[in-house]
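Here is what each chain is made of, one letter per residue.
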Protein chains: 12
Amino acid sequence: MPTRAAESKDHVYKILDLVGSSEKSIEDAIQNALARAAKTIRDMKWFEVMQTRGDIENGAVRHYQVTLRVGFTLEG
Amino acid sequence: MPTRAAESKDHVYKILDLVGSSEKSIEDAIQNALARAAKTIRDMKWFEVMQTRGDIENGAVRHYQVTLRVGFTLEG
Amino acid sequence: MPTRAAESKDHVYKILDLVGSSEKSIEDAIQNALARAAKTIRDMKWFEVMQTRGDIENGAVRHYQVTLRVGFTLEG
Amino acid sequence: MPTRAAESKDHVYKILDLVGSSEKSIEDAIQNALARAAKTIRDMKWFEVMQTRGDIENGAVRHYQVTLRVGFTLEG
Amino acid sequence: MPTRAAESKDHVYKILDLVGSSEKSIEDAIQNALARAAKTIRDMKWFEVMQTRGDIENGAVRHYQVTLRVGFTLEG
Amino acid sequence: MPTRAAESKDHVYKILDLVGSSEKSIEDAIQNALARAAKTIRDMKWFEVMQTRGDIENGAVRHYQVTLRVGFTLEG
Amino acid sequence: MPTRAAESKDHVYKILDLVGSSEKSIEDAIQNALARAAKTIRDMKWFEVMQTRGDIENGAVRHYQVTLRVGFTLEG
Amino acid sequence: MPTRAAESKDHVYKILDLVGSSEKSIEDAIQNALARAAKTIRDMKWFEVMQTRGDIENGAVRHYQVTLRVGFTLEG
Amino acid sequence: MPTRAAESKDHVYKILDLVGSSEKSIEDAIQNALARAAKTIRDMKWFEVMQTRGDIENGAVRHYQVTLRVGFTLEG
Amino acid sequence: MPTRAAESKDHVYKILDLVGSSEKSIEDAIQNALARAAKTIRDMKWFEVMQTRGDIENGAVRHYQVTLRVGFTLEG
Amino acid sequence: MPTRAAESKDHVYKILDLVGSSEKSIEDAIQNALARAAKTIRDMKWFEVMQTRGDIENGAVRHYQVTLRVGFTLEG
Amino acid sequence: MPTRAAESKDHVYKILDLVGSSEKSIEDAIQNALARAAKTIRDMKWFEVMQTRGDIENGAVRHYQVTLRVGFTLEG
């Protein structure tokens, strides 16, 4: 993954593991997880999808469930 | 994995590996695989995406091919 | 894998993936899965534990859920 | 992963990694980790065993040490 | 994975895990597993070798044992 | 992997690793990577998704970044 | 891995891979492997479970077979 | 994993994932991550390097970026 | 990896991923891939088998398909 | 793993990692490794192929190099 | 890993696998690989360490050999 | 793996797993492990780093602990 050349200091990032879910799509499950995490975490920088799962009802997908690793900056 | 707290007995689940394909999207390939499996399997409960692939024609995706693990209940 | 030196022919084995669950222990979840599978499959030979999970209720384990691969002989 | 069909909203879960230890058994190490985590975290839903280790004293197991991933609900 | 550009519909494939064995070679163990599976499964399309093992007798290989994943078409 | 039964010779394929990105979706990131690669590579046959990541801005996905392995035929 | 802060020198450890078996439990298979290894190896410090398997007889577990990595101190 | 034989109780540890960066070396990136985490976490016991990456500027390493798992004691 | 003690400089190697196929054997598929690559690459030094697959026709192997990583020297 | 139902005691096995090489074939490299190990180890029971590599000379395989895990019985 | 939010278009990156070696250190092996690659590739952006190995002479490290994945921008 | 084209026979290598530690650096931990092993093993040829860990004291690295696989020649 591309990394930001313009940053000038030795940063430290923390990684948070989340599961987002959505009835619509994998992308929507990712967005839901990030939107919820953004309520308490500022400065989220990147994510990686670790696992994509879902539950099934009547032979169709009911929810997509996406496990994410999210990196965010630890302030000073 | 099933994690439903409300279930009262020690269930046993069987896992089936499927590849679904679709010209449209990853989600559609998942739904196609589940729809086909639902013709012969009742009580599918969850799935996990194991691999996402596809074939290419004229420099573009022709089919998405998604390998799923699907869990379903073994009746008593 | 079967490694029995005394067998005289080139056998073929099939592998089945199961999830057993138990409120008591990991070993009991394995035994439950095998007991259920033995209703329809003869000649199961070996298993391998692929994943150990569980669901939680009131801060304690409610069920252990063990994913097994089970090998059994395909008759002639 | 949570797969409860009866849940009506798009939930977000957070994952916590813990190591529990016990002199008695693997199951007891899991229970110790969950009991300790339950002091500060409500609504733990599922766990997955990531690694099972231990330390040895006088040629016997002194502690089992089990690394768990634990999922819990992030409130609204 | 099947990648045949000439196929016109959204196919679904099922995956079967087998162990074939042979006293002669790895390739022969693969062929034995496929020959046995072909008795009951039509339309096998591809395989992947997951593991190569064997048992030893008097310091030499007695059987090669090859674990395969085999994909075949689910009819209509 | 290519599995086309109709091909008559022992082909050799080369594998290329790419990262495509898109603000819209995972599928669009895949298509962007393939469209760019098609400028210089003929005869791309299949791809496999190796990793799905992204960068985050203001608590939402800014780009999806999908790492692909792409196989193409080496001529004669 | 050894993490004992109180140790004053740069130690070197050797790792030994063992399979212990037991008819009773996973923990008992671990203890059997360690007890046997303790006959010839002093100063075993830690273990890690690499694989849990077993053989099946009449549809039930006959032996649990646990593969361990064991670390021990290399003297001076 | 902590393997200290001298500890008398069944401890529980929490695991934290961090990324440290440094223009100088891999070891310095590890030290930077730990120094930053030590501002808020007491009793860190061990770490494991999960990934070593970096960004490149003008054909040379600009920062090493090391992903760590850090274990620390959860107080009673 | 190259491990030749007699080499006097700090070499740099490039890695190429190839898929060779053969109707005859796994070894022949490896040789086909190397022979094709040797047309344009000098100084190939080592290979590693990453995956062994194949396609099936009429219940038998039609082609073995072996994915290789090949290392070769980058000239000065 | 050994899975012999006829064995009456709780055995302990030791695992040895070897690399065998051969100019002829993968199977021959396995046999060479076992033949050499049999000079000092009695009662080898099973092996697993962990990695298949080789060195290249003049664009062709010079040696196949196969990494094996070999299990053997620890006497009483 | 942190990813660059400031980039305005949907970029495509290519990934190159390299092995760098050095008699001095792991970091020096990385720098050697990048310096050599920079002779023909502009716009390298990031790397990831995939494997760290080395050859041994007279019981000491002779060369560190570090396998890198390097990402660089594909121009428009 | 050894890839020395100049060797004339089909060699067999044995693999040894070690953990070296050092207060100074990762490279020093590797050298310490090799120096200790060289007391009893001649003809060590190559190593691979399997894991890099460490213990922490007062918020800083106390020891780096590096797990190595070491290959050495088995004499005739």
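Bear in mind the structure is a predicted one, so any value in this text is a computation, not a measurement.

## Details of the overall build of chain A
Assigned secondary structure in chain A consists of one helix and three strands. Of the regular secondary structure in chain A, the N- to C-terminal order runs β-α-β-β. Here chain A holds 76 residues, and 68% of them are scored as buried. Contacts in chain A between residues far apart in sequence, at least 24 positions, make up 60% of those at least 6 positions apart.

## Description of helix α1 (residues 26-37) of chain K
Residues and elements named next belong to chain K. Counted at 1.5 Å a residue, the expected span for α1 with its 12 residues is 16 Å, and the 17 Å between its end C-alpha atoms agrees. Taking burial as the measure, the 12 residues of α1 include nine buried ones, the bulk of the element. Where α1 begins, the side chain of Ser 25 points an oxygen toward the backbone nitrogen of Glu 27, at a separation of 3.5 Å.

## A look at the pairing of strand β1 (residues 12-22) of chain H
With respect to burial, β1(H) is a largely interior element, 10 of its 11 residues being buried. Sheet topology note: the strand β1 (residues 12-22) of chain A/β1(H) ladder contains four bridges and is antiparallel. Bridge assignment links A:Val12 to a residue of β1(H), and that residue is H:Gly20. Note that β1(H) and strand β3 (residues 60-73) of chain H share 10 bridges and pair antiparallel. Across the sheet, the residue bridging to H:Ser21 is H:Gln65, located in β3(H).

## Examining the pattern of salt bridges
Applying the stated criterion across every chain yields a total of 48 salt bridges over all chains. Across the salt bridge formed by C:Arg69 and E:Asp17, the nearest N and O atoms sit 2.3 Å from each other. In this pair, C:Arg69 sits in strand β3 (residues 60-73) while E:Asp17 sits in strand β1 (residues 12-22), so the two residues belong to two different chains. An identical accessibility class is assigned to C:Arg69 and E:Asp17; each is buried.

## As for the relation of the copies chain A and chain B
Of the two same-sequence chains, chain A is brought onto chain B (RMSD 0.0 Å, axial shift 0.0 Å) by a rotation of 120°. Viewed as a symmetry operation, the transformation between the two copies matches a three-fold axis. Using C-alpha coordinates, one finds that chain A approaches the rotation axis most closely at A:Ile26, a distance of 5.0 Å. In this assembly, only 14% of the residues forming the interface of chain A have copies in chain B that are likewise at the interface, indicating a heterologous arrangement.

## With respect to unusual backbone geometry
Residue and element names in this part refer to chain F. Backbone geometry places Asp 43, a non-glycine residue, at a positive phi of 65°. The backbone of Asn 58 shows a phi angle near 50°, a positive value even though the residue is not glycine. Note on placement: Asn 58 falls in the loop between β2 (44-57) and β3 (60-73). According to the relative accessible area criterion, Asn 58 is exposed, its value standing at 79%.

## Focus: the nonpolar core
If you look at the biggest cluster of nonpolar residues, it comprises 61 residues, and the most contacted ones within it are E:Ile30, E:Phe47, I:Ile30, I:Phe47, J:Ile30 and J:Phe47. For J:Phe47, the contacting residues outside a window of four places in its chain are E:Arg53, E:Gly54, E:Asp55, E:Ile56, E:Val61, E:Tyr64, J:Ile30, J:Leu34, J:Leu68, J:Arg69 and J:Val70.

## Remarks on the environment of J:Gln31
Looking at the secondary structure, you find J:Gln31 in helix α1 (residues 26-37). A residue is classified by how much of its surface remains accessible, and J:Gln31, at 27% relative accessible area, is partly exposed. A sequence separation of 44 residues divides J:Gln31 from J:Glu75, and the C-alpha atoms of the two residues are 24 Å apart. Not counting the four nearest positions on each side in its chain, J:Gln31 is found in contact with E:Ala60, E:Val61 and E:Tyr64.

## Describing the interface of chain A and chain B
Each partner contributes to the interface: chain A provides 14 residues, whereas chain B provides 15 residues. Linking chain A to chain B there are one salt bridge. Salt-bridge contacts for B:Glu48 lead to A:Arg53; the nearest nitrogen and oxygen are separated by 3.3 Å. Scanning the region where chain A abuts chain B turns up seven residue pairs in polar contact (both at pLDDT 80 or more).

## Points about the pairing of strand β2 (residues 44-57) of chain L
Within β2(L), 11 of the 14 residues are buried, leaving the element largely enclosed by the surrounding structure. Across three bridges, strand β2 (residues 44-57) of chain K lies against β2(L) in antiparallel orientation. Paired with K:Asp55 across the strands is L:Trp46, a residue of β2(L). Inspection of the sheet shows β2(L) paired to strand β3 (residues 60-73) of chain L by 12 bridges, in the antiparallel sense. In the sheet register, L:Trp46 faces β3(L), and the bridge partner there is L:Gly71. Hairpin connection from β2(L) to β3(L): two residues lie between these consecutive antiparallel strands, with L:Asn58 at a positive phi of about 50°.

## What to know about the environment of I:Val49
All names here are of chain I. Secondary-structure assignment places Val 49 in strand β2 (residues 44-57). Relative accessible area serves as the criterion here: at 15%, Val 49 is assigned to the buried category. Distance in space between the C-alpha atoms of Val 49 and Phe 72 is 15 Å, their sequence separation being 23 residues.

## A word on the environment of J:Leu18
With respect to the helices and strands, J:Leu18 occurs in strand β1 (residues 12-22). Its relative accessible area of 0% is what places J:Leu18 among the buried residues. Residues J:Leu18 and J:Gln65, 47 residues apart in the sequence, show an inter-C-alpha distance of 9.9 Å. Not counting chain neighbours up to four residues away, the residues in contact with J:Leu18 comprise J:Ala33, J:Ala37, J:Val66, J:Thr67, J:Leu68, J:Val70, L:Tyr13, L:Lys14 and L:Leu74.

## A word on the confidence of the model for chain A
All names here are of chain A. With 87% of its residues at a pLDDT of at least 70, chain A reaches an overall mean of 90. Confidence drops under a pLDDT of 50 for residues 1-8, and excluding neighbours within four residues, the segment shows 37 contacts in the predicted structure. Prediction confidence for the complex, expressed as pTM and ipTM, is 0.92 and 0.92 respectively.

## Re the side chain of I:Ser22
Looking at where I:Ser22 falls in the secondary structure, it is placed in strand β1 (residues 12-22). Here the side chain of I:Ser22 touches I:Lys24 through a polar contact of 2.8 Å, landing on its backbone nitrogen. A polar contact is formed between the side chain of I:Ser22 and the backbone nitrogen of I:Ser25, at a distance of 3.4 Å. Setting aside chain neighbours within four positions, we find I:Ser22 in contact with F:Asp10, I:Asp28, I:Ala29, I:Asn32, I:Arg62, I:His63 and I:Tyr64.

Parameters and conventions
Starting afresh in each chain, residues are numbered from 1 along the sequence in its written order. Both sets of labels track the order of writing: A upward for chains, 1 upward for ligands. Restriction of local features to residues with pLDDT of at least 70 applies here, the model being predicted, together with a cutoff of 80 or more for giving and counting side-chain atom pairs; totals for whole chains, interfaces and linings are based on all residues. Side-chain metrics rest on all non-hydrogen atoms present in the structure, leaving aside hydrogens and water. Numbered from the N terminus, helices here are DSSP runs of H or I no shorter than four residues, and strands are runs of E no shorter than two. In this scheme, a residue with accessible area under 20% of its type's maximum is buried, one over 50% is exposed, and one in between is partly exposed, where area comes from a 1.4 Å probe on protein chains only. Contacts are residue-level and defined by heavy atoms, with any inter-residue pair within 4.5 Å sufficient. Given a helix with a known number of residues, its expected span is that number minus one, times 1.5 Å. Any N or O atom pair separated by 3.5 Å or less is treated as a polar contact, with the protein-specific requirement of one donor-capable and one acceptor-capable atom, and with residues adjacent in sequence counted only for side-chain atom pairs. Here a strand pair is declared whenever DSSP counts at least two bridges between the two strands. By salt bridge we mean one thing: a side-chain nitrogen of Lys or Arg within 4 Å of a carboxyl oxygen of Asp or Glu. Fitting of the copies onto one another was done by least squares over C-alpha atoms, counting residues only where both copies have pLDDT of at least 70. To define a nonpolar core, start from buried Ala, Val, Leu, Ile, Met, Phe, Trp, Tyr and Cys residues and group those joined through side-chain atoms within 4.5 Å. Scored from 0 to 100, pLDDT reflects the predictor's confidence in each residue.

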